[in-house]
Amino acid sequence: QILLNYLPLEKALWSSLLKKQRDLYSQFLKEMIIQPGIAKANLGVSREDVTLEDHPLNPNPDSRWNTYFKDNEVLLQIDKDVRRLYPDMAFFQRPTDYPCLLILDPQNEFETLRKRVEQTTLKSQTVARNRSGVTNVSSPLKTTPNSLSEYEVLPNGCEAHWEVVERILFIYAKLNPGIAYVQGMNEIVGPLYYTFATDPNSEWKEHAEADTFFCFTNLMAEIRDNFIKSLDDSQCGITYKMEKVYSTLKEKDVELYLKLQEQNIKPQFFAFRWLTLLLSQEFLLPDVIRIWDSLFADDKRFDFLLLVCCAMLTLIRDQLLEGDFTLNMRLLQDYPISDVHLILKKAKELQDSK
């Protein structure tokens, strides 16, 4: 939290700042999840009270319903991605000890995001947009391994950790309409939330949702350019960073660089995922958290990430120098070394050899 500029260095300021931020997050929940959910009970709304102003078919682009339907498109994509977050771990499917009482209050019957998705999915085909803008239409009637029915439904008043992550991403998308939600953000928020939600201190644990939201927002402010397609080729975009991995490799190990060039193995083939998702897909979660400690502690903000990528390449140089295109692509897309300490040590050596 300190490295992501959420908490100041001065410990005496922590409690007042945390209270302020956590209250602000509750405000976001009230405005963006509870209000537009058009609560069913306790508002005394009878059928006759619905005017054209508040009618689902109201054509006005500013209508609350119009916003609601637009939000549902984003929500369906988020939902699809968070349900399959770290499938090899049970954590995200488990119920949280601290469900959001604001939303799950049985008195109010507010619509949770999960209910909203389930209702929307039943009514429509699911449209998924991936990073390259290709639209896949998959019918919800065809059961896929990630279908809604696969997960056990938790009893009323409970919510799974993935639902908390869904809410964080949904609120982020609402507050940042310029970027909204792009596939892959779920992989960035996952390790942050896991770290806070498993803290041995119950107070940190209880407020994991709000704290994760602000840390994620700060982190995205630094790496969001990787997710904005129109910036891909600019100096702050992902293409530039991928080229930088190769130019750094050329400096550190020209023989390996030339071999990859000769085989026409472009950095896009593997470094796109490494850089955009901060290596969160290449290693097990505890190792990802360890790598992130080093990345977030980097003064120059993520220059060290380029060195980690180069270290990963130089540590398998012998195999890469011997392998053909197919073999090398397999090595790079399913990286064989799992010892992250070895990788970080090598990255540090590269950094010191400047």
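As named in an unreviewed UniProt entry, the protein chain is TBC1 domain family member 13, taken from Ceuthmochares aereus. Taken directly from UniProt, the Function (unreviewed entry) text for the protein chain runs: "Acts as a GTPase-activating protein for RAB35. Together with RAB35 may be involved in regulation of insulin-induced glucose transporter SLC2A4/GLUT4 translocation to the plasma membrane in adipocytes." Recorded under Subunit (unreviewed entry), the UniProt text for the protein chain is reproduced unchanged: "Interacts with RAB1A and RAB10; in a GTP-dependent manner."

> Could you clarify how one ought to interpret the environment of Gln319 in this entry?
The residue Gln319 is located in helix 14 (residues 317-322) in this model. Along the sequence, Gln319 and Leu331 sit twelve residues apart, while their C-alpha atoms lie 8.6 Å from each other.

> Is there a simple way to think about the packing of aromatic side chains in this case?
Two aromatic rings are characterised by how far apart their centres lie and by the angle between their planes. Following the criterion strictly, the structure yields 18 aromatic pairs and no others. Ring centres of Tyr25 and Phe213 lie 5.2 Å apart, and the angle between their planes is 45 degrees; on these two criteria the pair is classed as tilted. Taken as a pair, Tyr25 in helix 1 (residues 14-34) and Phe213 in helix 8 (residues 208-223) lie far apart in primary sequence, 188 residues in all. We note that Tyr25, like Phe213, is buried. Between Tyr246 and Tyr257 the ring centres are 6.0 Å apart and the planes differ by 85 degrees, which places this aromatic pair in the edge-to-face class. Within this pair, whereas Tyr246 is found in helix 9 (residues 238-252), its partner Tyr257 is found in helix 10 (residues 254-262), the two being separated by eleven residues in sequence. Note on accessibility: Tyr246 and Tyr257 belong to one class, buried.

> Just checking my understanding: could you explain helix 9 for this structure?
Residue pairs spaced three or four apart in an α-helix point in one direction, given the helix's 3.6 residues per turn. Taking 1.5 Å of rise per residue, 15 residues should cover 21 Å, and helix 9 covers 21 Å from first to last C-alpha, within 8% of that figure. Within helix 9, the full set of buried residues consists of Ile238, Thr239, Met242, Val245, Tyr246, Thr248 and Leu249. Contacts from the buried residues of helix 9 go to helix 10, helix 11 (271-276) and helix 13 (303-315).

> Explain the environment of Gln93 here, please?
Residue position: Gln93 is located in the loop between helix 2 (64-82) and helix 3 (101-104). Judged by relative accessible area, Gln93 falls into the partly exposed class, the value being 24%. Taking the C-alpha atoms as reference, Gln93 lies 8.8 Å from Glu163; in sequence the two are 70 residues apart.

> Mind showing me how you'd approach the packing of helix 1 against helix 8 here?
When two helices pack together, you describe them by how their axes are tilted relative to each other and by the distance separating the axes. For the pair helix 1 and helix 8, the least separation of the axes is 9 Å and the interaxial angle reads 95 degrees. The pairing of helix 1 with helix 8 is recorded here as roughly perpendicular in orientation. Counting all contacts with helix 1, which are made through Leu18, Gln21, Arg22, Leu24, Tyr25, Phe28 and Leu29, the residues of helix 8 involved are Glu209, Ala210, Asp211, Phe213 and Phe214. Split by residue class, the contact of helix 1 with helix 8 holds eight nonpolar, one polar and three charged.

> Would you explain the nonpolar core in this entry?
Counting 103 residues, the largest nonpolar core has Met185, Leu278 and Leu295 as its most contacted members. The biggest single contributor to this core is helix 13, with ten residues. Shared between two domains, this core holds at least three residues of each, these being domain 1 (16-51 + 60-119 + 152-226) and domain 2 (230-353). The contact partners of Leu278, leaving out residues within four places of it in the chain, are Ile188, Leu219, Ile223, Arg273, Trp292, Leu295, Phe296, Phe302 and Leu305.

Quick notes on the rules
- Residues numbered from 1 in each chain as written.
- Predicted model: local features only at pLDDT ≥ 70, side-chain atom pairs only at ≥ 80, totals over all residues.
- Heavy atoms only, no water.
- UniProt positions renumbered as here; feature names shortened; annotations may be inferred.
- Helix = DSSP H or I, 4+ residues; strand = E, 2+ residues; numbered from the N terminus.
- Phe/Tyr/Trp six-rings, centres within 6.5 Å; stacked < 30°, edge-to-face > 60°.
- Buried < 20%, exposed > 50% of the residue type's maximum accessible area, 1.4 Å probe, protein only.
- Expected span 1.5 Å × (residues − 1).
- Contact = heavy atoms within 4.5 Å.
- Axes fitted to C-alpha atoms, helices over the stretch in contact; angles between N-to-C directions.
- Parallel < 35°, antiparallel > 145°, perpendicular 65-115°, else oblique.
- Nonpolar A, V, L, I, M, F, W, Y, C, P; charged D, E, K, R; others polar.
- Core = buried A, V, L, I, M, F, W, Y, C linked by side-chain atoms within 4.5 Å.
- Domains from an automatic or database assignment.

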